[in-house]
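Single-letter residue listing:
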Amino acid sequence: MRKLMAFAAILMLAGTTNSWALLGLEKVSYDGSLETVGVSANNEVQQNNKAALSDHRGETNTRVRLGIDADVTEGVVGRVEFGRTNSTYGRSYAASNASNSIDNETANILINNAYVDLADLLSLNVRLGRQYVGNDNDLVWNISPRKGDALAINAIDGLLLGKKWAMAEASLFMGKAVKEDPQGSTNLNLAVTGDVNLNSLDIIIPKVLPNGKINVGYLWGVQTSVSPRNSLNTARLGVSGGVLENMVTYQAEYLMNTGANNFTGTKVKYEGTAIDLGVGYNAPETSIGKFSANIGYVMASGDNNTTDNKDKAFHDFGVLGVASSDRYFGEIFSKSDVLAVGQVGVNSPAQGQGLKVLTLGVEYFPKWVNNTNAKLAFYDVKMDKNGASALSTAKDVGQEWDLSLGYKVSDNVGISGGYAMLQPDKGIVGTVPGTKKDDITKLFARASIKWGSNK
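Residues numbered from 1 in each chain as written. Predicted model: local features only at pLDDT ≥ 70, side-chain atom pairs only at ≥ 80, totals over all residues. Heavy atoms only, no water.

What follows is about the environment of Gly-38. Position of Gly-38 relative to the elements: it lies in strand β1 (residues 26–42). Distance from Gly-38 to Thr-88, taken between C-alpha atoms, is 9.7 Å for residues 50 residues apart in sequence. (Helix = DSSP H or I, 4+ residues; strand = E, 2+ residues; numbered from the N terminus.)

Written out as structure tokens, the structure reads:
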């Protein structure tokens, strides 16, 4: 199916007359987006204003996505999406500053979606093929286009089954993120990585709480080789919703790891936990505009004993080699993609130190300038345990302030920009006396243009 739809898209892009009719496809539609991010940052690596070697980064990255949907046959809709990312202004893949030729560019255009939707198969909604899964801003489960400065795109091959009832809805995903050897290969040297299979079961119960919902989920993933296995399971239970006509919103979730890592030759059990809390306030509109505020707290457990067979540090599927979190903590700590200990989500290394993040934010929508907003966010980042790493005894990671201004030209066109400052502490610079810990700073600008349904 993937090759068929890719070929159909190539025919369309080449302008072949009646190309879709040749394949029997109907109701063809298009969507896509163009995103750009520009960054000027200092001290991300050395945290030293007077360092002998330059520690400045200035770059502009882009991401382009083009999706094509079509009716394949009765009750079946197909989609293929092309993505071009990892494109930086001033650098081409011909190792020069010249523009890429069409031949050079085709190798950089990847197929991120290639699936079919079956609307009613045995009373189930079915999606089969390469796809995006999870929810925006999820702490452990979202494999999709990333929000970091690199503008990367993640996707996974698999089968998604969905079912809705009057009082609940459920979805089951079964997928393969990594296939180490091709079909029919006789190579059995799989000790390094092996296959990675990821699965997720989510149940949403929307009518138990007034204007709220309960979500129950279970994720299980396995990294295999010939004999050892690295298996991570995560159970989750959460609530979210709003009161007073959504003037006050809330969300809370508890997550718990099970499973074990056998790769080291000694079975190490996963026993990490995490708590994710958040409250928001949306003030009534005033004569000068609207205000909103939020406070959030995430605690992911750490482990300060690496000599036993229990890994009490909380993990997402990053421990299996697949980036699966979509939670970002600040322009520098998470989105910069450069900071040595910066990360998306709260996954720790094996028997790592864990993470605690307090988030405070306010947003203002002025009445005299339509479609604009100003945001101020604060992040206080700490490690949960002292741990046994090179940064041992250093719990304090740092504090970050982000200020941004945004303007929406329309629902599909928007720009934003701002300034961020991270004050690093010993959790970043280390514990050596006299080590510099000058502020990390970043100027950033983002632009986004979307068209069509933009799935």
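Core analysis: the largest hydrophobic core is formed by 39 residues, its most contacted members being Trp-141, Leu-198 and Val-346. The set of elements that each furnish at least two residues to this core consists of β10 (196–205), β16 (289–300), β18 (355–366), β19 (372–382), β21 (413–424), α4 (426–429) and β22 (440–451). Ranked by the residues each element gives to this core, the list is headed by β19, at three residues. The contact partners of Trp-141, leaving out residues within four places of it in the chain, are Val-133, Gly-134, Asn-135, Phe-173, Leu-198, Ser-200, Asp-202, Leu-219, Arg-236, Phe-317 and Ser-324. (Core = buried A, V, L, I, M, F, W, Y, C linked by side-chain atoms within 4.5 Å. Buried < 20%, exposed > 50% of the residue type's maximum accessible area, 1.4 Å probe, protein only. Contact = heavy atoms within 4.5 Å.)

A contiguous nonpolar surface patch, about 380 Å² in accessible area, is contributed by Leu-201, Ile-203, Val-216, Tyr-218 and Leu-237. Those elements that provide at least two residues to the nonpolar patch are β10 and β11 (212–224). With respect to the helices and strands, the residue Leu-201 is situated in strand β10. Note on Leu-201: relative accessible area 33%, which makes it partly exposed. (Patch = residues over 30% accessible without salt bridge, like charges linked within 9 Å, V, L, I, M, F, W, Y side chains within 5 Å. Areas by Shrake-Rupley, 256 points an atom, 1.4 Å probe, with all protein chains shown as cover. Salt bridge = Lys/Arg side-chain N within 4 Å of Asp/Glu carboxyl O.)

For the rest of this paragraph, the subject is the pairing of β18. Note: β16 against β18, twelve bridges, orientation antiparallel. Looking at β18, one finds that Met-299 is bridged to Lys-356. Where β18 lies against β19, nine bridges are found, and the strand directions are antiparallel. Each bridged residue has a counterpart across the sheet, and for Leu-360 the counterpart in β19 is Phe-378. Remark: five residues form the turn of the hairpin made by β18 and β19, two consecutive strands paired antiparallel; Asn-371 in that turn has positive phi of roughly 65 degrees. (Pairing = 2+ DSSP bridges.)

On the surface, Lys-267, Lys-269, Lys-310, Lys-312, Lys-385 and Lys-395 cluster together into a patch of positive charge. Among the secondary structure elements, Lys-385 is positioned in the loop between β19 and β20 (396–410). Using a relative accessible area of 32% as the deciding quantity, one classes Lys-385 as partly exposed. (Lys, Arg positive; Asp, Glu negative; His and termini not counted. Charge placed at Lys NZ, Arg CZ, Asp CG, Glu CD.)

Turning next to the packing of aromatic side chains. Inspection of every chain in the model, using the stated rule, returns six aromatic pairs. On the numbers, 4.6 Å between centres and 50 degrees between planes, the contact of Phe-378 with Trp-401 is tilted. Here Phe-378 is found in strand β19, whereas its partner Trp-401 is found in strand β20, with 23 residues between them in sequence. An aromatic cluster is built from Trp-141, Phe-173 and Phe-317, whose rings are joined through pairwise contacts. (Phe/Tyr/Trp six-rings, centres within 6.5 Å; stacked < 30°, edge-to-face > 60°.)

Of note, the phi angle at Asn-43 is positive, near 70 degrees, even though the residue is not glycine. Mapping Asn-43 onto the fold places it in the loop between β1 and β2 (56–73). A positive phi angle, near 55 degrees, is found at Leu-122, a position not held by glycine. For Leu-122, the location among the structural elements is in the loop between β4 (110–121) and β5 (124–131). Take Leu-122: its relative accessible area is 77%, and that puts it in the exposed class.

Inspection of the sheet shows β19 paired to β20 by eleven bridges, in the antiparallel sense. Looking at the pairing, Thr-372 lines up with Tyr-407 of β20.

In low-pLDDT segments, the atomic positions of the prediction should not be examined closely. Per-chain confidence: the protein averages 86 in pLDDT, with 86% of residues scoring 70 or above. The lowest-confidence element of the protein is helix α1 (residues 2–13), averaging 47 in pLDDT; the highest-confidence one is strand β15 (residues 273–282), averaging 97. This model gives residues 1–8 a pLDDT under 50, and the stretch forms 16 contacts once residues within four places in sequence are excluded. (pLDDT = per-residue confidence, 0-100.)

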